[in-house]
Amino acid sequence: MAAQSVQIKLVLGHSAQWRKKPTTEGYTHDWTVLVRGEDGQDIRHFVEKVVFYLHESFPKPKRVVKDPPYQVSESGYGSFNLPVEVYFRNKDEPKKVRFEYDLLLPNLNDPPINQIRSECLTFQNPSEEFRQKLLKAGGAVSSGPGGVGGGVTGSAGVSEKQIKPPGMQKKRPAPGLDSDMPKKKKKLDKVKGEKKKKKTGSSSSESSDSDSSSESESVVEEALVTTKKTGNAKKNAPNSWDTAALKRLHKQLNSLQDPQQLQEIVNIIEQTGLYNLTASTFDFDLCKLDDSTLTRLVKFVEPAS
């Protein structure tokens, strides 16, 4: 006997742009991340709440939104992985679904980012009560073999997600965040998406821009480069640079003070994945970067020096 399933689409997305002027804390970007129905469908019929897991450096990084619009707006410095959990108005399993979302910020001189992605959810044999909720929110009934994974046909440009019990959902680590990363790295204080504890409010809509130039000039208090003491290139070294060249680059990076220039350095390093975020720093090791990345850094800092 053919089993019945219901398919429904969710849209995840975000917008991000450079601020005309950094905040008093030095935040260079404004961004908004959201979950909504496709084509204006009202997903509150089957969605109980949406939980956005911001980077741990934000105050109250777990943001729970129980009513539409399901979105969070903030200000910050850098890109990061932002898990999103959508909880269902369902008495049975599944109770929720989890998505991994990469919140990317535009590079220097790039236009604003407006990014969305569509997720197709397939619920196998939902209860009649939950089935009606899904249909009210724009879900469509489809027939196919019973069991998870049966009777699903993908559409171009649409991600499919089979709804399974939460324990079966696999998680992936945030890109570039690795607790085993070496500890001696370049430290760009405040060049990431952290918030100071003294900041009041938890979203950009609750904070105001300052007109004080003296405060905005103190965006970056320190740009300290720490490189390991090594000899000339070792056998299996990731780059062919000698100590003198690394020290010269170290000195050039250490001289940077402009927040936009520091942000561009962060963007270059983020592409390698060889970095580590702490509560107050963006750390990386010059000795572990390849020739191509080091050359890009040099081309960037030489005109600025």
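The structure displayed is predicted, hence computed values, not measured ones.

What counts and what doesn't
- What you see as residue numbers is a count from 1 along each chain, following the sequence as written.
- Predicted model: local features are reported for residues with pLDDT of at least 70 only, side-chain atom pairs are reported and counted for 80 or more only, and whole-chain, interface and lining totals are derived from all residues.
- Hydrogens and water are ignored here; the side-chain numbers use all heavy atoms of the structure.
- Each helix is a run of DSSP H or I of at least 4 residues and each strand a run of E of at least 2, with the numbering of both proceeding from the N terminus.
- A simple rule labels every residue: compare its accessible area, found with a 1.4 Å probe on the protein chains alone, to the largest value its type can have, and call it buried under 20%, exposed over 50%, or partly exposed in between.
- Only heavy atoms enter the contact rule, under which two residues are in contact if any of them lie within 4.5 Å.
- Areas reported here follow the Shrake-Rupley algorithm with a probe of radius 1.4 Å; residue values treat only the protein chains shown as occluding.
- Throughout this description, the term nonpolar core refers to a set of buried Ala, Val, Leu, Ile, Met, Phe, Trp, Tyr and Cys residues connected via side-chain atoms within 4.5 Å.
- At least two DSSP bridges between two strands are needed for those strands to be called paired.
- What counts as a ring pair is set by centres within 6.5 Å for rings of Phe, Tyr and Trp (its six-membered ring), and what kind of pair is set by the plane angle: stacked under 30 degrees, edge-to-face over 60, tilted for all other angles.
- Whether a charge sits over a ring comes down to the Lys NZ or Arg CZ being within 6 Å of the ring centre and within 35 degrees of the ring normal.
- The term salt bridge refers to a pairing of a side-chain nitrogen on Lys or Arg with a carboxyl oxygen on Asp or Glu at a separation within 4 Å.

### Some remarks on the overall build of the protein chain
Here comes step 1: What the protein chain contains, in helices and strands, is five helices and 14 strands.
Here comes step 2: Looking at the protein chain as a whole, 47% of its 305 residues qualify as buried.
Here comes step 3: Sequence-distant contacts, at least 24 apart, represent 73% of the contacts inside the protein chain between residues at least 6 apart.
Here comes step 4: Surface accessibility of the protein chain: about 15700 Å² in total, with carbon and sulfur atoms responsible for 48%.

### Some points on the nonpolar core
Here comes step 1: Ranked by internal contacts, the top residues of the largest apolar core, which has 34 residues, are Trp-31, Val-35, Phe-46, Phe-52, Leu-82 and Val-86.
Here comes step 2: Counting only elements with at least two residues in this core, the list comes to β1 (3-18), β2 (29-37), β3 (47-53), β5 (70-76), β6 (80-88), β7 (96-103), β8 (113-124) and α1 (128-136).
Here comes step 3: Discounting residues that sit within four places of it in the chain, Val-35 has contacts with Val-11, Leu-12, Ile-43, Val-50, Phe-52, Tyr-70, Val-84 and Val-86.
Here comes step 4: Leu-262, Val-266, Leu-286 and Cys-287 belong to the second largest nonpolar core, which has 21 residues in total.

### Some words on the pairing of β2
Here comes step 1: Burial analysis of β2 places seven of its nine residues in the buried class, the great majority of the element.
Here comes step 2: As paired strands, β2 and β5 are joined by seven bridges and run antiparallel to one another. Across the sheet, His-29 pairs through a bridge with Gly-76, a residue of β5.

### A short note on unusual backbone geometry
Here comes step 1: Residue Pro-69 is bonded to the preceding Pro-68 through a cis peptide linkage, with omega at 0 degrees.
Here comes step 2: Mapped onto the secondary structure, Pro-69 falls in the loop between β4 (62-65) and β5.
Here comes step 3: In this model, Glu-93 is joined to Pro-94 through a cis peptide bond whose omega is 0 degrees.
Here comes step 4: The residue Pro-94 is located in the loop between β6 and β7 in this model.
Here comes step 5: Positive phi, normally seen in glycine, also occurs at Asp-39, with a value near 55 degrees.
Here comes step 6: With respect to the secondary-structure elements, Asp-39 resides in the loop between β2 and β3.
Here comes step 7: One non-glycine residue with positive phi stands out, namely Asn-109, at about 70 degrees.

### Concerning the packing of aromatic side chains
Here comes step 1: Enumeration over the complete set of coordinates arrives at eight aromatic pairs.
Here comes step 2: With centroids separated by 6.0 Å and ring planes inclined at 25 degrees, the aromatic side chains of Phe-46 and Phe-88 adopt a geometry described as stacked. Of the two residues, Phe-46 sits in the loop between β2 and β3 while Phe-88 sits in strand β6, which places them 42 residues apart along the sequence. Across the pair, Phe-88 and Phe-46 agree in class, each one buried.
Here comes step 3: Residue placement shows Lys-49 over the ring face of Tyr-87; its charged tip is 4.6 Å from the ring centre.
Here comes step 4: Sitting above the plane of the Tyr-53 ring, Arg-98 keeps its charged end 5.7 Å from the centroid.

### Details of the pattern of salt bridges
Here comes step 1: Going through the model one piece at a time under the given rule, you end up with eleven salt bridges.
Here comes step 2: One salt bridge in this structure joins Glu-74 and Arg-63, with 3.0 Å as the shortest N-O distance. With Glu-74 in strand β5 and Arg-63 in strand β4, the pair connects residues that are eleven residues apart, well separated along the chain. Each member of the pair, Glu-74 as well as Arg-63, is classed as buried.
Here comes step 3: It is possible to trace a salt-bridge network through shared partners that takes in Glu-85, Lys-96, Arg-98 and Glu-100.

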